[in-house]
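# Descriptive structure summary
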Amino acid sequence: MEILGNLGLGFGVALSPFNLFMCLVGVLLGTLIGVLPGVGPTATIAMLLPITFTLSPLGALIMLAGIYYGAQYGGSTTSILLKLPGEASSIVTCLDGYEMARQGRAGPALATAALGSFFAGCVATLLLAMFAPALSRLALEFGPAEYFSLMVFGLIAATVLAHGSLIKAIAMVVLGLLLGLVGTDRSSGMVRFGFNVFELSDGVGVVTVAMGMFGITEIISSLERQDERRVLTDKVRHLWPTREDVRRAWPSVLRGTAVGSVLGVLPGGGALLASFASYTLEKKVSAYRHEFGRGAIEGVAGPESANNAGAQTSFVPLLTLGIPANSVMALMFGAMMIQGIVPGPQVMTEKPQLFWGLIASMWIGNLMLVVLNLPLIGMWIKLLTVPYRLLYPAILLFMCIGVYSVSNQPFDALLMAFFGLLGYVCIKLDCEPAPAILGFILGPLVEENLRRAMVISRGDPTVLVQTPISAGFLIAAAMLLVIIALPNIRKKREEAFVES
Amino acid sequence: MMRIKSQRDFWAGVMFIAFGVFFAAVATTYPMGTLRRMGPGYFPTALGVLMALLGVVVLTRSLAKDGPKVAPLFLRPTLFVLAACLAFAYLLKPLGLVVATVVTIIVSAFGGPEFRWKEVAILAVMLAVGSVLAFVRALSLPFPIWPAFIG
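Conventions and cut-offs
- Residues numbered from 1 in each chain as written.
- Chains lettered and ligands numbered in written order.
- Predicted model: local features only at pLDDT ≥ 70, side-chain atom pairs only at ≥ 80, totals over all residues.
- Helix = DSSP H or I, 4+ residues; strand = E, 2+ residues; numbered from the N terminus.
- Rg over C-alpha atoms; globule rule 2.2 N^0.38 Å.
- Buried ≥ 20, exposed ≤ 12 C-beta atoms within 10 Å, placed from the backbone.
- Contact = placed C-beta atoms within 7 Å.
- Expected span 1.5 Å × (residues − 1).
- Core = buried A, V, L, I, M, F, W, Y, C linked by C-beta atoms within 7 Å.
- pLDDT = per-residue confidence, 0-100.
- Axes fitted to C-alpha atoms, helices over the stretch in contact; angles between N-to-C directions.
- Left-handed = near helix turned anticlockwise from the far one by under 90°.
- Nonpolar A, V, L, I, M, F, W, Y, C, P; charged D, E, K, R; others polar.
- Domains from an automatic or database assignment.

## Looking at the overall build of chain B
- Within chain B, the regular secondary structure consists of four helices and zero strands.
- Each helix (α) and strand (β) of chain B, taken in turn from the N terminus, gives the series α-α-α-α.
- Relative to the compact-globule value of 15 Å for 151 residues, chain B shows a C-alpha radius of gyration of 24 Å, a clear excess of over 25%.
- Along the first, second and third principal axes, the C-alpha set of chain B runs to 60 × 45 × 25 Å.
- Going through the 151 residues of chain B one by one, you find that 40% of them count as buried.
- Here the analysis covers contacts within chain B between residues at least 6 apart in sequence; of these, 66% occur between residues at least 24 apart.

## Notes on the overall build of chain A
- The number of helices and strands found in chain A is 22 helices and two strands.
- For 500 residues, the compact-globule estimate of 2.2 N^0.38 gives 23 Å, and chain A sits close to it at 22 Å.
- Expressed as a percentage of the 500 residues in chain A, the buried residues total 62%.
- Nonlocal contacts in chain A, meaning residues at least 24 apart in sequence, comprise 81% of its contacts between residues at least 6 apart.

## Here we look at helix α17 (residues 388-407) of chain A
Residue and element names in this part refer to chain A.
- With 20 residues, α17 extends 30 Å between its outermost C-alpha atoms, agreeing within 8% with the 28 Å of an ideal straight helix rising 1.5 Å per residue.
- In terms of residue burial, α17 counts as a mostly covered element, since 14 of its 20 residues are buried.
- Taken from the residues just after α17, N408 is the one with a positive phi, measuring 55 degrees.

## Concerning the nonpolar core
- If you look at the biggest cluster of nonpolar residues, it comprises 222 residues, and the most contacted ones within it are M211 and C400 of chain A.
- With sequence-adjacent residues up to four places away left out, C400 of chain A is seen in contact with A413 of chain A together with C85, F88, A89 and T104 of chain B.

## Considerations on the confidence of the model for chain A
- The pLDDT averaged across chain A works out to 84; a share of 93% of its residues lies at or above 70.
- Of all helices and strands in chain A, the one with the weakest mean pLDDT is helix α22 (residues 487-499) of chain A (58), whereas helix α18 (residues 410-428) of chain A scores best (93).

## Comments concerning the packing of helix α6 (residues 106-140) of chain A against helix α12 (residues 298-313) of chain A
- Between α6 of chain A and α12 of chain A, whose axes approach to 7 Å, the crossing angle comes to 35 degrees. As α6 of chain A packs across α12 of chain A, the resulting crossing turns out to be right-handed.

## So, the interface of chain A and chain B
- The interface is formed by 53 residues belonging to chain A together with 58 residues belonging to chain B.
- Looking at the side of chain A that touches chain B, the elements that each hand over two or more residues are α8 (166-180), α9 (206-225), α17, α18 and α19 (434-456) of chain A.
- A breakdown of the residues in the side of chain A that touches chain B according to their chemical character gives 37 nonpolar, six polar and ten charged.

## Describing the domain arrangement of chain B
- Under the domain assignment, chain B is made up of domain 1 (7-64) and domain 2 (75-138).
- The C-alpha centroid of domain 2 of chain B is placed 39 Å from the C-alpha centroid of domain 1 of chain B.

## Re the confidence of the model for chain B
Residue and element names in this part refer to chain B.
- Of all residues in chain B, 98% attain a pLDDT of 70 or more, and the chain-wide mean is 89.
- Within chain B, helix α1 (residues 7-27) carries the highest mean pLDDT (94), whereas helix α4 (residues 117-138) carries the lowest (89).
- Across the assembled chains, the prediction reports ipTM 0.93 with pTM 0.86.

## Here we look at unusual backbone geometry
All names here are of chain A.
- Positive phi values are uncommon outside glycine, yet N196 reaches one of about 60 degrees.
- By the secondary structure assignment, N196 is in the loop between β2 (191-192) and α9.
- Accessibility expressed as a C-beta count within 10 Å gives 7 for N196, which makes it exposed.
- A positive phi is found at D430, a non-glycine position, where the angle reads about 60 degrees.
- Within the fold, D430 resides in the loop between α18 and α19.

This is how it looks when you write it as C-alpha cells:
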C-alpha cells in the first residue's frame, strides 16, 4: 500500500494552512480570469504566472494548478451562458450547454459541469497517483537518445491536434524550437540570435511568448469579431439538476472520465482531445443521441468530465517524463524551471513532498471548485454582463503589468506586443500558435539531448534507432505522420473540427 | 502562367521561408562544429533549413490547391492594442503606475468598436486606483506610483 503512504504524505503537505490558502487563491483567481470572455486557460496561467514567482516552489505549483482548473471551469461557464469558449477544450460544451441555457436550464447545465468535473477529477487524481511512480521509474532509464526521440514524438503528436494543415503545424513547431534557442547557448556560452540586444541574452521568457501569442492575439481577434453577445443571465433560476437529469448524466460522466483519463496522458493530448473524443462517443452511444445539439445533458456531462480528467492526467507526462503535453503544461514546465526544478522523473524521488503535495492539492482544488463555484455562480454571471469594450482594456493592462513585473524591463512588453502581432498574423494565415509554444519550451532540451546523444555515440546518428525505446518513439512519430497524411483520415480529422 | 490558388497557404509559405532563411543565415555565422561535437550553429542552421523547406512545400501547394483568401488584418484594434502595450512599458518608469495605467486604458479603448469618453475615464480612474492598491500595496511590486519629477 505504497500509494496510501504517498497520498498521506501529500495530503499532509497540501493541507497546511498556507498551501490550502494558495489553492483557494488559485482556484478563485483562475475562475475570475477564466470567466472573462476570450481568455482561456493558457492566457490565464500566463497572466497569473508572475505573481507566483515569489512563492515557494510547492506553493507556486499548487496555486498554478488551482488556476488551471479554475480557468477551465470559468471557460465552461462562458461556453454555457455566452456560447463563447475561452479555449478549444470547451468548444463542444457550447453545443448543448448553450442550448440548455436557452431553454432556461442554465443552472442544471452549470451544476452538471461542476459535479461531473469533480467526479472526473477525483478519479484522474487517483489514477495519476497509481501510475506515475511506474512511469517515473521507466523514465529514469532514459538516456539522451531516448529523450530526444520522445520529444520528437511529443512534438509530432501535438501537431495532430492543430486545426488545418499538418505541414503548417509542424512548421509552427519548428518556429517555436528556434525561438526557444534565442539567448545564451548552455554548452558554449555563446549568445545566439541576440542581435546585440542586452535583454535577449537571457532568452525570451515563456510568459512573454505565451501572453503575446495567446493573450494579445486573442484580444485583437475578439475586437475584430465585435459580434452581438447575449448573456443568458436571467435564465439561471434554479441550479440543481432534476432526478431525471442525474439519471441521464451519470453514465456520460463515467464514460467521459474514462476517455479523458486515457487521452490526457498522451503527448499532445490533454483536455482538448478529451472533450472532443467524449462528445463524439456520447453522440454514438447515448440513448438520447437524437437530442444532441438541442440541449441534451449528456452533451455537457460527458465532455466536461472528460476535459477535467484529461487536464488532470496531462500532468503525468510532465511530472514523470518531463515532457509537456500541451500549451498549458508548457507553461507549468516554465514555472517549474523558474522555481529551479527541472521537470522529469527525478522530481518524484528527490522531492517527494512537492510531487505528492501537488497531486493531493489537485483533489483539494477540485473540491474547492465545486464548493465555491456553485454558490458564487451569481457573481461570475454578473461579471459576464460587463461589456467587452470595458473588459479588454483591463485585461490588457493586467497583461502589461504581469509581463513587466517579470524582469522590470520595458523590453519584455515590446516583445509581448511583437508576439501578439505574430500570433495574429499566423491566425490569419491558418497557422495555429499552440504548437509553437510547445516547441518554444522544448527547443533547448531537444538540442541538448541531441548533442549529448551524439557525443556519447561519437557522432553516429544511428544511435537514435539502436535502442528499442528510442527507435520505438521515432517509429511511432513516423507512423503518426503517415496516418494523418492518409487522405481518409485527414478528411475525418478535418470533419471532427468542422463539426464543432 | 502560375496562379495563386490559396492565398493563405501562399503567404504562410512565404512567412515560413522568410523565418527559416533568416534563422539559418544568422546561425551559419556561429561555429558549426561537427555532428559529434555540435557547435552553437549546428542545430539552429538545421532547423532553419527545415523550416524553409516546409515553407516551400506549403507555398508549392498553394499554387495547386484552392483555398480561402486571407481575411484582412483589422488595423485599428491591432495598432491601438499594440500601442497600449508599448505605452505602458515605456511610461511606467518615468511617469509612474497611475499615469501609465490611464494612458494604457485610453489608448487601448480607441481600438474598440466605440469610444465613450465618460465611460473610459471612469474605467481608467478605477483601474489606476485598483492597480496601485493591488500591485504596489498588496503584492509590493517595485513600481513607482507617481512621476519621478514629482516625487
